[in-house]
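If you want the building blocks of each chain, they are given just below.
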Amino acid sequence: MLEFQDVKTDTIENVRVFIRVRPLRDEEKTVINKEVIQTDSNVINLTKQGVVKSFKFTKIFDSDSSQIELYSHVAVPIVERVLQGYNGTVFAYGQSGTGKTYTMIGDVGDADRQGIIPNIFSHIFAQITLADQDNSYAVTVTYLEIYNEEIRDLLSDAPDKKLTLREKPGLGVYITELLGFAVDSLEAVTEILVKGNKRRTTSSTKLNDVSSRSHAIFTVSVETKNKLTNKTTFGKLNLVDLAGSERASKSQATGDRLREAGKINLSLSVLGNVISALVDGKATHIPYRNSKLTRLLQDSLGGNSLTALIATISPRYHDYEESVYTLMYADRVKHIQNHVKLNVENNSIIENFESKIDELKRQLRLLELREQREQRRAKKKNKSNSQREDLDNIEKEKSLLESKIGMIQKKILVGGENLVEKAQQQLDLLEDAAKELRHLDSSHVLLEEILFYKEKEKTIVKKEFADLQEEDKELDLKIDETAKLIKKATEILIGKEGEYQNEICALLQDNKNLAKELSLVQFVIEHSIPGEYLRDLLSVIVFNDDTQEWQIKGVAYCGNNLRKVKSRQANEKVKPHTVYFQYQKK
Ligand SMILES: Nc1ncnc2c1ncn2[C@@H]1O[C@H](COP(=O)(O)OP(=O)(O)OP(=O)(O)O)[C@@H](O)[C@H]1O
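Keep in mind that what you see is a predicted model, and the values were worked out from it rather than measured.

Draft legend 1. Focus on the nonpolar core. By size, the foremost hydrophobic cluster in this structure holds 46 residues, and its most contacted members are Ile 116, Phe 121, Val 139, Val 220 and Leu 239. For this core, the secondary structure elements donating two or more residues are α2 (67-83), β7 (88-94), α4 (116-130), β8 (135-147), α5 (186-199), β16 (215-226), β17 (232-241) and β18 (306-313). Ranked by residues supplied to this core, first place goes to α2 with 9 residues. In this structure Val 139 touches Phe 121, Ile 124, Phe 125, Ile 128, Phe 181, Ala 182, Val 183, Val 220, Ser 221, Val 222 and Leu 413, once residues within four positions along its chain are discounted. Counting residues in each nonpolar core, the second largest holds 40 residues, with Ile 151, Leu 268, Ile 275 and Leu 309 among its members.

The following block contains the structure:
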């Protein structure tokens, strides 16, 4: 048994997005093609004129990737869960001619080149072969296309009939008269697939010789019933090959082809609007009802389904713009979250088959009783012609009933039954791929862990850097303010210095004048007062601190005192005795 991830209970899961780059076609190899795409395991870079656009997805498949490698990574985890009773969806989206149909269907019957849908049956039948005998399975398929907003059943004998889409509370969206086929072998599936593919609407365009002009939805339902627990689960897997987007300038379409391309682009943009609304946290309404495709795939986008998108791109320089557009579209899808729940079946196909078998067996027993009675009667008498005819008819009815019972019994697949001699080879390939995947997964887990811690470190360093930057900013501001203050102070200082300089000059000048006056007074005294008179005079001269003037002792009424009084009472008449008494007190 293949070992993949454990069964999980109800979970929220993001849509996983994968990119596949198709190889250059032979005719394209003759044209010089500048390298625009560089890939590693989950990063893709597109470079044009030195500008690099970088995108990260779950995984990138380069042009050397094999169908089985892609199947192992994209489909195996989903198919395993579908077998356990969950819903799944795989979409292929991309520019016309980039390999959507090759990826989803490929060359049916060629083990290396067949795509996801044929590989799914090898996988499912191999798992049933390996399962316990207590499990019974019913695998049914439907195949439809949506062309110009009309639904057609690709497996019906009247494929042109337009089918109607209905919705019932509790049942959801469904299509009236869509045929479901129970399949029990790889041959039966291959036949169905080839028949449906032939009926798909295709035409030859500049971008693709066999271009699908419709959206195709192949649905596989797997019901599992365990006889011991009596538990029935039901998993449904939608495989969607979307019509290719194209620009009229590239496809050079005209007339009907141009109108057709317009409708394809329109329905892809409705799908784009649903995606945008789902990833825009604020949207209150998801426009599922705007197209049949989005109504049918409501569960696959934002609902109960494990979903993967494979976006296909061309490696040509010439297709650079379309490739960037596809990657941007895919980049939005990876943010969609689905709510995945286990389906518990209440309208069991297996039980339906079983009760039909019981009914047919009852009819068979009644026929056998009738046959015995007729034979007894015939023994008593010779057989009449009409008796012979009756017995022949009973025999025919019996074998019809037996073959009906056999046919229905074949539809119930029992665990351990060898359904897959041919699938064995495919299973071996899957086993190898699974081993590789497990190995890659463990290295991946380790790398993720390292990445997680590195990211954590980065966040801390980033925060520290931001704090330092903030501090740096604050310091810069302070430095600026201080520089301004210093500049202002320097200007004031220079101004003051000038002022002081002027004052010093004035004082020096005053000093000089006073020294000159003093030397004049000394000169006058020396030449007009004899030395002994001068000494006598000096002995009676005193300095009055109050008036800050020199005075001669004993002279009560002389020039100095008079001047002082005058200066105090400029308008008063001088009274000599007051001055005298004042002087005496001192
Ligand atoms: N990965 C691949 N390996 C080999 N051949 C490929 C690959 N991808 C595409 N091709 C080839 O390229 C051609 C176009 O591919 P395909 O028809 O699958 O494109 P498409 O995207 O479905 O186009 P459209 O939207 O027009 O239907 C086919 O001949 C197909 O075999």
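Draft legend 2. Spotlight on the site of the ligand. By nearness alone, 16 residues border the ligand, and Ser 96, Gly 97, Lys 100, Ser 211 and Ser 212 come closest of all. A distance of 3.2 Å separates an oxygen atom of the ligand from a polar atom in the backbone of Thr 98. Protein coverage of the free-state accessible area of the ligand, which is 630 Å², stands at 82%. Residue assignment for the shell around the ligand shows that the elements contributing at least two residues are α3 (100-104) and β15 (211-212). Here the shell around the ligand gets 3 residues from one element, more than from any other, and that element is α3.

Draft legend 3. Spotlight on the pattern of salt bridges. Taken as a whole, this structure holds 21 salt bridges when the rule is applied. Residue Glu 167 pairs with Arg 289 through a salt bridge whose shortest N-O separation is 3.0 Å. Highlighted residues: Glu 167 in strand β11 (residues 165-168) and Arg 289 in the loop between α7 (255-279) and α8 (292-296), separated in sequence by 122 residues. For Arg 289, a relative accessible area of 58% corresponds to the exposed category.

Draft legend 4. Structural context of the packing of aromatic side chains. All told, the structure shown has 8 aromatic pairs when counted by the stated rule. Relative to Phe 57, the ring of Phe 55 lies with its centre 6.3 Å away and its plane at 15 degrees, an arrangement referred to as stacked. Ring geometry for Tyr 325 versus Tyr 329: centroids 6.2 Å apart, planes at 55 degrees, classification tilted. On the criterion of helical spacing, the pair formed by Tyr 325 and Tyr 329 is a turn pair, its members being 4 residues apart in helix α9 (residues 320-333).

Draft legend 5. Fine view of the environment of Ser 291. Mapped onto the fold, Ser 291 is located in the loop between α7 and α8. For Ser 291, a relative accessible area of 3% corresponds to the buried category. On a C-alpha basis, the gap between Ser 291 and Glu 149 in space is 7.3 Å, while along the polypeptide they are 142 residues apart. Beyond its immediate sequence surroundings of up to four residues, Ser 291 is in contact with Glu 149 and Val 270. At 2.8 Å, the side chain of Ser 291 forms a polar contact with the side chain of Thr 294.

Procedures and definitions
Residues numbered from 1 in each chain as written. Predicted model: local features only at pLDDT ≥ 70, side-chain atom pairs only at ≥ 80, totals over all residues. Heavy atoms only, no water. Core = buried A, V, L, I, M, F, W, Y, C linked by side-chain atoms within 4.5 Å. Buried < 20%, exposed > 50% of the residue type's maximum accessible area, 1.4 Å probe, protein only. Helix = DSSP H or I, 4+ residues; strand = E, 2+ residues; numbered from the N terminus. Contact = heavy atoms within 4.5 Å. Near = heavy atom within 4 Å. Polar contact = N/O pair within 3.5 Å; in protein donor to acceptor, adjacent residues only side chain to side chain. Areas by Shrake-Rupley, 256 points an atom, 1.4 Å probe, with all protein chains shown as cover. Salt bridge = Lys/Arg side-chain N within 4 Å of Asp/Glu carboxyl O. Phe/Tyr/Trp six-rings, centres within 6.5 Å; stacked < 30°, edge-to-face > 60°.

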